[in-house]
Amino acid sequence: MKFYYANEDEIKQGKTTDIYFLRTEEILRKNHVKKHVLAEFTVQTLPDKYDFAVFSGLYEVLNLLEGLPVNVYAMKEGTIFKSADINGIPVPVMYIEGDYKEFAKYETPALGLICQASGIATKSARIKRAAGDLIVLSFGIRRMHPVLAPFIDRNAYIGGCDGVSSIKGAEVIKQNPRGTMPHALMLTMGEKEAWMSYDEILDDSLPRIALIDTFCDEKTSAIKAAEVFKKLDAVRLDTPGTRRGNFAKIVRETRWELDVRGFKDVGIIVSGGLDEESVKELKEAGATGFGVGTSISNAKTIDFAMDIVEIEHRPIAKRGKFSKRKEVYRCTDCGEYIVLPYGEHIKECPVCGGKVEKVLHKVMEGGKKLSYFEDNPEEIRNYVLEQLKVYKNTEH
Ligand SMILES: [Zn+2]
């Protein structure tokens, strides 16, 4: 192999599963065990006490299960959920039902698809929430295996990032790739020459963003760049950790120095080691955009587990898990979840009296995709941003 990854056929064949599932499948087949099973996907706790997570990866899971004799129920991709409802009951995000041996081996790849996708989308949403209306770009593919570039950038985008840097990622989300200039350009040409040439050669439609901290102090270079470009849109500060001291103060000072020279329209994009905390701080200091890398691409996964909760339509579950199919309601006003045994219903939110909606939908029947017809990252992203309005102030 030139690159170590499993291709689509190998994943569909179950080659990326854990061996114990194949052994289980063989034993069940030899014993002619045919049990109708309902398997539930929940998460015990969210990473770092997150107040919510974004459910993502469903599109790929349905492609994984397509053609199998199973039904699938799930939240819409991009649904913001909590690990537990108002009573502490884990919130199911998805169900697979069918003869267990027919889908046992897909537990591993199905989990992998939603755990990592949801982890990236969630981190992206948290950072976008901190940035508000300011631009957040996904710059983190360089820290991950290249085969994952479209996966990472798609999930970063649907979580709320405004754009992505990779060509393949941008193709998947049907947007233009976004970026500025690397330090290498200034090193190979000299700073002023690099800026002038960039301004001259780059298509007029593209924003002029000058990387300014290759050799000199941020404020000196910011002013220089603003003078060199015909009309500079923004400077980018990628100040190395060893020179940072107080990055927010550097941003504040650069903002001031640009303003007093009449460059109020020149934005300040920051990048390098950012997360939701630093984005919030730098926004207050005057940054107007953020290039976020590793904290998104290497986001902690949302650790979903798959558990059997019914066999032959009877409740059963291992220790530590809640048996039986559930009704999952969400309040559209306060965003709280209410999980009930299947067949029980509520009309309004017990917390705020708001309107409640059911969030689980049948998305696959007998291996055929139902309501989920195509991949539309822009629509999913809009759905996430809409929900973020409800979840904006719940973290302390
Ligand atoms: Zn409510």
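Residues numbered from 1 in each chain as written. Predicted model: local features only at pLDDT ≥ 70, side-chain atom pairs only at ≥ 80, totals over all residues.

Draft legend 1. Structural context of the overall build of the protein. Assigned secondary structure in the protein consists of 15 helices and 18 strands. C-alpha atoms of the protein, sized along the principal axes, occupy 75 × 55 × 35 Å. With 396 residues in all, the protein has 42% of them scored as buried. Relative to all contacts within the protein whose residues are 6 or more apart in sequence, the contacts with residues 24 or more apart total 68%. (Helix = DSSP H or I, 4+ residues; strand = E, 2+ residues; numbered from the N terminus. Buried ≥ 20, exposed ≤ 12 C-beta atoms within 10 Å, placed from the backbone. Contact = placed C-beta atoms within 7 Å.)

Draft legend 2. Molecular detail of the sheet that holds strand β10 (residues 267-271). If you trace the six strands from one edge of the open sheet to the other, you get β7-β6-β11-β10-β9-β8, paired in parallel fashion. What marks the edges here is a single partner per strand, and that holds for β7 (163-164) and β8 (209-211). Here strand β9 (residues 234-237) pairs with β10 via four bridges, running parallel. Within β10, the residue paired with Val235 across the bridge is Ile268. (Pairing = 2+ DSSP bridges.)

Draft legend 3. Structural detail: helix α10 (residues 218-228). Listing the buried residues of α10 in full gives Glu218, Ser221, Ala222, Ala225 and Ala226. The buried residues of α10 all sit within an arc of 140° when viewed along its axis, so they share a single face. Tucked inside the fold, the buried residues of α10 contact α9 (191-201), β8, β9 and α12 (247-260). (Arc of directions from axis to C-beta.)

Draft legend 4. Broad picture of the pairing of strand β5 (residues 94-99). For strand β1 (residues 36-43) and β5, the ladder comprises six bridges, and the chain directions are antiparallel. The residue bridging Leu38 from the neighbouring strand is Glu97, located in β5. As defined by bridge partners, strand β3 (residues 70-74) adjoins β5 across five bridges and the pair is classed as antiparallel. Residue pairing in the sheet places Asn71 in a bridge with Glu97 of β5.

Draft legend 5. Representation of the domain arrangement of the protein within the structure. Taken domain by domain, the protein consists of domain 1 (8-119 + 300-388) and domain 2 (179-291). In this structure, domain 1 and domain 2 have C-alpha centres spaced 43 Å apart. (Domains from an automatic or database assignment.)

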